[in-house]
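Structural overview
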Amino acid sequence: MSAQIIDGKALAAATKAEAAAEAAALKAKGIEPCLAVILVGENPASQVYVRGKVKDCGECGIKSLELRMPETTTQEELLAKIAELAADKTVNGILVQLPLPKQIDERAVIDAIPPEKDVDGFSPVNVGRMQTGQPCFLPCTPAGCIRMIESTGTKIDGKNAVVIGRSNIVGKPAALLLLAKNATVTVCHSHTANLKEICANADILVAAVGRAGFVTGDMVKPGAVVIDVGINRGADGKLHGDVNFEEASAVAGYITPVPGGVGPMTRAMLITTLYRMSGSPAVTGENPYSDVPAGSYYEKAVIWAMQKGVANGMGGGKFEPDTRVTRQQAVTMLYRYAVKIAGI
């Protein structure tokens, strides 16, 4: 068996074409999507990633702001810049390129980005909503992985899926997204026993372990879909994935290459997230809730609460205004009001 290659470049191009059409439609309504990218320091790899994201925006007709800050930037200075962008109504998405210099707490920075502008999908609110199956902005790499799997025509529902790696950026969210598609999911890590046997039973195998050639041919089930998230620079100066491509491609049904696989799709999904943010009801001022009648006496109040992040509805396109509010929900709304509106 020789696996079919999942062409990440071609799929990313199609995804960006969709994004460009959506961005053009938003511009016709007077809304110009805008991404702000903050780069702290001179990390060479980060500079390459940022240039790629800015280039993608340009190709899709989306405005981008590239904000560079020196290596010596303090956490307070970075948080102040994020607060400035959060308050800027012309900026729809904020991305802080990781990693950050050692004097800056990455978690504090991620927490400071408003969930409605969190284009990476890393904020606690977006992560929590993903966990509970509510509408949210998804992490770009896992979302791209799902799109790549589905591009093969594979139905995820009912399949055995194995994710190697449990990072907050790829492993955990990839597992959640596969579970949301009704796969039976196993997450493997450095303490997993019988790893080879578990992987060899997977209809879908996602490798995100960060070790070149870690997944060998005998770990792949014949006909499986193999998604290689790894990007490792080898001694030969070339990029290698977490999967031994030569061995795995002789067994798998579908496989992503490195480079040219998950990487381009990650950037394309970021653009998709950005146009969703730009066209969201919080930006357009439209009523997104099916259970809030147009013209009702409380419609404007609901839209205001949604735009300000005071109350975001219950998911599934419903606000449920007639449902009894629990004490926890009431306190949460009061807290959001105090922090976001009153500035207490």
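Keep in mind that what you see is a predicted model, and the values were worked out from it rather than measured. (Residues numbered from 1 in each chain as written. Predicted model: local features only at pLDDT ≥ 70, side-chain atom pairs only at ≥ 80, totals over all residues. Heavy atoms only, no water.)

Digging into unusual backbone geometry
Threshold: Secondary structure elements are taken from DSSP: a helix is a run of H or I of four residues or more, a strand is a run of E of two residues or more, and numbering for both begins at the N terminus.
Omega for the peptide link from Leu98 to Pro99 comes to 5°, which places this bond in the cis form. In this fold, Pro99 is placed in the loop between strand 4 (93–96) and helix 4 (106–112). Of note, the amide linkage connecting Val258 to Pro259 takes the cis form, showing an omega dihedral of 0°. Within the secondary structure layout, Pro259 lies in the loop between strand 11 (254–255) and helix 10 (262–278).

Quick look at the layout of surface pockets
Put simply, the test is: We place a 1 Å grid over just the protein atoms. Points where a 1.4 Å probe fits but has no way out form a cavity, open points with protein on both sides within 12 Å along at least 5 of 7 lines form a pocket, and any residue with an atom within 4 Å of a point lines it. Grid points are joined across faces, edges and corners, and a volume is the space filled by probe spheres set on the points. Note on residue classes: Ala, Val, Leu, Ile, Met, Phe, Trp, Tyr, Cys and Pro are nonpolar, Asp, Glu, Lys and Arg are charged, and everything else, Gly too, is polar.
Counted as a void, the second largest pocket has a volume near 1,300 Å³. Those elements giving two or more residues to the lining of the second largest pocket turn out to be helix 2 (44–59), strand 4, helix 6 (140–151), strand 9 (232–233) and helix 10. Class assignment of the residues belonging to the lining of the second largest pocket gives a composition of 24 nonpolar, 13 polar and eight charged.

What about the side chain of Thr141?
Condition: By the convention used here, residues are in contact when the closest approach between their heavy atoms is within 4.5 Å.
Relative to the helices and strands, Thr141 resides in helix 6. If near-sequence neighbours (up to four positions away) are discounted, Thr141 is found in contact with Val170, Val229, Val262 and Thr266.

Some points on the packing of helix 6 against helix 10
The criterion, for reference: For helices, the fitted axis covers only the stretch in contact; all axes are lines through C-alpha atoms, and the angles between them, taken along N-to-C directions, range from 0 to 180 degrees. Comment on the angle field: the value is read as roughly parallel under 35 degrees, roughly antiparallel over 145, roughly perpendicular from 65 to 115, and oblique elsewhere.
Here helix 6 crosses helix 10 at 110°, and the two axes come no closer than 8 Å. Overall, the two elements helix 6 and helix 10 adopt an arrangement that is roughly perpendicular. When helix 6 is examined against helix 10, the residues Cys140, Thr141, Ala143, Gly144, Cys145, Arg147 and Met148 are found in contact with a partner set consisting of Val262, Met265, Thr266, Met269, Leu270 and Thr273. By residue class, the composition of the contact of helix 6 with helix 10 is eight nonpolar, four polar and one charged.

Quick notes on empty space enclosed by the protein
Taken as a whole, this structure holds one cavity of 30 Å³ or more when the rule is applied. By volume, the largest cavity is sized at about 60 Å³. Considering the residues around the largest cavity, the lining is formed by Ile94, Leu95, Val96, Leu98, Val109, Ile110, Ile113, Asp118, Asp120 and Phe122. Tallied by class, residues from the lining of the largest cavity come to eight nonpolar, no polar and two charged.

Digging into the sheet that holds strand 1 (residues 4–5)
Basically, it comes down to this: Here, strands pair whenever DSSP counts at least two bridges between them.
With respect to topology, six strands assemble into an open sheet ordered 1-11-8-7-5-6, the strand pairing being parallel. Both edges of this open sheet fall to strand 1 and strand 6 (184–188), since each of them pairs with a single strand only. Of the strand pairs in this sheet, strand 5 (residues 160–164) and strand 6 are connected by five bridges, and their pairing is parallel. Note that in strand 6 the partner of Val162 across the bridge is Thr186.

Remarks on the nonpolar core
Our working definition: Put simply, a nonpolar core is a bunch of buried Ala, Val, Leu, Ile, Met, Phe, Trp, Tyr and Cys residues held in one set by side-chain atoms that sit within 4.5 Å of each other. Here the term buried applies to any residue with accessible area under 20% of the maximum for its type, exposed to any over 50%, and partly exposed to those in between, with areas from a 1.4 Å probe on protein chains only.
In terms of nonpolar packing, the biggest core is built from 48 residues, with Leu35, Leu178, Ile227 and Val229 touching the most fellow members. Looking at this core, the element that brings in the most residues is helix 10, giving nine residues. Setting aside residues up to four positions removed in sequence, Leu178 forms contacts with Ile146, Ile149, Ile156, Ala161, Val163, Ala183, Val185 and Val206. In this structure, Ala202, Ala224, Ala248 and Ile255 belong to the second largest nonpolar core, which totals 18 residues.

A few points about the sheet that holds strand 4
In spatial order, the strands read 3-2-4; together these three strands make up an open sheet with parallel pairing. Only two strands of the sheet have a single neighbouring strand rather than two, namely strand 3 (63–69) and strand 4. Within the sheet, the average angular offset between the axes of one strand and its neighbour, ignoring direction, is 15°. Pairing between strand 2 (residues 34–40) and strand 4: four bridges, direction parallel. Looking at strand 4, one finds that Ala36 is bridged to Ile94.

Brief notes about the packing of helix 6 against helix 7 (residues 171–180)
As a reminder of what qualifies: Each crossing is labelled by how the near helix is turned from the far one, with a counterclockwise turn of less than a right angle marking it left-handed and a clockwise turn marking it right-handed.
Helix 7 packs onto helix 6 with a crossing angle of 45° between their chain directions and a minimal axis gap of 9 Å. The angle between helix 6 and helix 7 places the two elements in the oblique class. Relative to helix 7, helix 6 is oriented so that their crossing is right-handed. Contacts between helix 6 and helix 7 involve Pro142, Ala143, Ile146 and Ile149 from the former and Pro173, Ala174, Leu177 and Leu178 from the latter. Residue composition of the contact of helix 6 with helix 7, grouped by class: eight nonpolar, no polar and no charged.

Topic: the pairing of strand 8 (residues 225–228)
Residues of strand 8 alternate between two faces, with Val225 and Ile227 on one and Val226 and Asp228 on the opposite face, all of them buried. Sheet analysis places strand 7 (residues 204–207) next to strand 8, joined by four bridges and oriented parallel. If you follow Val206 over to strand 8, its bridge partner there is Ile227. Note: strand 8 against strand 11, two bridges, orientation parallel. Paired with Val225 across the two strands is Tyr254, which belongs to strand 11.

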